Amino acid sequence: MTATVIDGKAFAGTVREKVAAHVARLKEENGITPGLAVVLVGEDPASQVYVRSKGKQTVEVGMNSFEHKLDADTSEEDLLALLDKLNADETVHGILVQLPLPKHLNEDLVINRIDPAKDVDGFHISNVGLLGTGQKSMVPCTPLGCLMMLRDHHGSLSGLNAVVVGRSNIVGKPMANLLLKDSCTVTIAHSRTKNIEEVCKQADIVVAAVGRPEMVTGDWIKPGATVIDVGINRIPHPTEEGKTKLVGDCDYASCAEVAGAITPVPGGVGPMTIACLLANTLTACCRANGLAEPEGLTA
Ligand code: GUN
């Protein structure tokens, strides 16, 4: 079997088109423009690239982008004061604090200062609790993107066996909760799981989010299963000396021989994350104004 490739880049494009169309309607019919504030503390190069990309895509779908770049030695007090100001600002519907923060800042304290209704990352403890109890919440962007691709491929996920490999707060745990909400039978596997290959082999859906390059191989996969690879790992290039190569948490070649469908790296889950951030900002804006939520863009 050769797996169907789930094209995340194309899918993200359609998500952005849907967001843009809804934003245009909001402006025309309600005179509202959704706004996203992104806060970057310090000069981490990877974070700077992400923040630039988020700002650019926000503007491209017709939303307002507010960038707040703070010095690496910004005090916690000043950062919290900025968040209070953004929480109170009616033109700001979504707030994202780019992680990781410099060591002297308490990440939990900072994230939990964001108004949960504006927490487009879905990291606030209230949103974590709401998702965990199956209630309406803001949902973390990467798992939301995975869910959208799975729903698109399978239609209903009800009754399917899903194994999430990885137990992080950002991907593994919210992913498991989303799959449970869609009535999958869910297992979370991790570094201490016994017979992890056998556990994965029972799955109709495998979501790999461990951060270990090419850990999941084709012999872990049930023939015809769907493989969603969240990993983004840079490894030394196997044939070209001095170069690096981007790989996922799955060994693509061997998994694609067995799976029914698979997301590639790059071009799979990655592009969906920012698209879902835009979707979440739109959702937050609609909720804030008592308007109907965008269809197909929420959990
Ligand atoms: N840094 C890396 N990924 C993320 C993310 O999804 N959200 C935030 N806020 N920071 C990140």
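Provided above is the structure to which this section pertains.
Below is a short write-up of the structure. Note that the coordinates shown come from a computational prediction; the quantities given were computed from them, not determined experimentally. (Residues numbered from 1 in each chain as written. Predicted model: local features only at pLDDT ≥ 70, side-chain atom pairs only at ≥ 80, totals over all residues. Heavy atoms only, no water.)

## Describing the sheet that holds strand 11 (residues 261-262)
To keep things clear, this is the line we draw: Two strands form a pair only when DSSP identifies at least two bridges running between them. Helix and strand definitions here come from DSSP, where helices need a minimum of 4 consecutive H or I residues and strands a minimum of 2 consecutive E residues; each element is numbered from the N-terminal end. Working rule for contacts: check all heavy atoms of both residues, and any pair within 4.5 Å makes them a contact. Here an angle of 0 to 180 degrees is reported between the N-to-C directions of two axes, which are lines fitted to C-alpha atoms, with helices fitted over the stretch in contact.
Taken in spatial order, the six strands line up as 1-11-8-7-5-6 in an open sheet, and their pairing is parallel. Edge positions in the sheet fall to strand 1 (4-5) and strand 6 (185-189), since each of these pairs with one other strand and no more. As judged from the two bridges shared by strand 1 and strand 11, these two strands associate in the parallel manner. Directly across from Val5, in strand 11, lies its bridge partner Ile262. Helix-sheet contacts for helix 7 (residues 172-181) involve strand 5 (161-165), strand 6 and strand 7 (205-208), and the interaxial angle to strand 5 is about 170°.

## Details of the pattern of salt bridges
Under the convention used in this document: Definition used for salt bridges: Asp or Glu carboxyl oxygen within 4 Å of a side-chain nitrogen of Lys or Arg. Burial status follows relative accessibility: with a 1.4 Å probe on protein chains alone, a residue under 20% of its type maximum counts as buried, one over 50% as exposed, and anything between as partly exposed.
If you walk through the whole model with that rule in mind, you get eight salt bridges. Its salt-bridge partner being Lys56, residue Glu60 comes within 3.3 Å of it at the nearest N-O pair. Residue Glu60 and its partner Lys56 are both found in helix 2 (residues 45-60); the two are separated by four residues, about one turn of the helix. Here Glu60 falls in the exposed class, since its relative accessible area comes to 52%. The residue Lys222 makes a salt bridge to Asp204 at a minimum N-O spacing of 2.7 Å. With Lys222 in the loop between strand 7 and strand 8 (226-229) and Asp204 in the loop between helix 8 (196-201) and strand 7, this pair connects stretches of sequence that are 18 residues apart. Connected through salt bridges with shared partners, the residues Lys136, Arg287 and Glu293 form a single ionic network.

## Let's talk about the site of the ligand
Worth spelling out the cut-off: For each residue, the test is whether any non-hydrogen atom lies within 4 Å of the molecule or strand; if one does, the residue is near. For the purposes of these results, a polar contact is taken to be a pair of N or O atoms within 3.5 Å, where, inside protein, one atom must be able to donate a hydrogen and its partner to accept one; residues adjacent in sequence count only when each atom of the pair is a side-chain atom. With residues, only the protein chains shown are counted as cover, and all accessible areas are computed by Shrake-Rupley using a 1.4 Å probe.
Around the ligand, a shell composed of Leu96, Val97, Gln98, Leu99, Asp121 and Phe123 is seen. Separating a nitrogen atom of the ligand from a backbone N or O atom of Leu99 is a distance of 2.9 Å. For the ligand, the protein covers 76% of the area, taking 270 Å² as the surface of the free molecule.

## Examining unusual backbone geometry
Cis geometry marks the peptide bond from Leu99 to Pro100, where omega comes out at 0°. Turning to its location among the elements, Pro100 is positioned in the loop between strand 4 (94-97) and helix 4 (107-111). With an omega of 0°, the peptide bond between Val265 and Pro266 qualifies as cis. Here Pro266 is to be found in the loop between strand 11 and helix 10 (269-288). The phi dihedral of Ser183 falls on the positive side, at around 65°, and the residue is not glycine. Inspection of the secondary structure assignment puts Ser183 in the loop between helix 7 and strand 6. The phi angle at Glu214 is positive, at roughly 55°, despite the residue not being glycine. Note that Glu214 resides in the loop between strand 7 and strand 8.

## A few points about the side chain of Ser137
Relative to the helices and strands, Ser137 is located in the loop between helix 5 (125-132) and helix 6 (141-154). Judged by relative accessible area, which is 9%, Ser137 ranks as buried. Every residue in contact with Ser137, bar those within four places of it in the chain, is listed here: Asn127, Leu130, Leu131 and Arg287.

## Here's the deal with the nonpolar core
Rules: In this text, buried Ala, Val, Leu, Ile, Met, Phe, Trp, Tyr and Cys residues form a nonpolar core when linked through side-chain atoms within 4.5 Å.
Counting 54 residues, the largest nonpolar core has Val19 and Leu179 as its most contacted members. Among the elements of the structure, helix 1 (8-30), strand 2 (35-41), helix 6, strand 5, helix 7, strand 7 and helix 10 are those that each provide at least two residues to this core. Sorting elements by how many residues they give to this core places helix 10 first, with eleven residues. Counting residues in each nonpolar core, the second largest holds 20 residues, with Val165, Val206, Met215 and Ile221 among its members.

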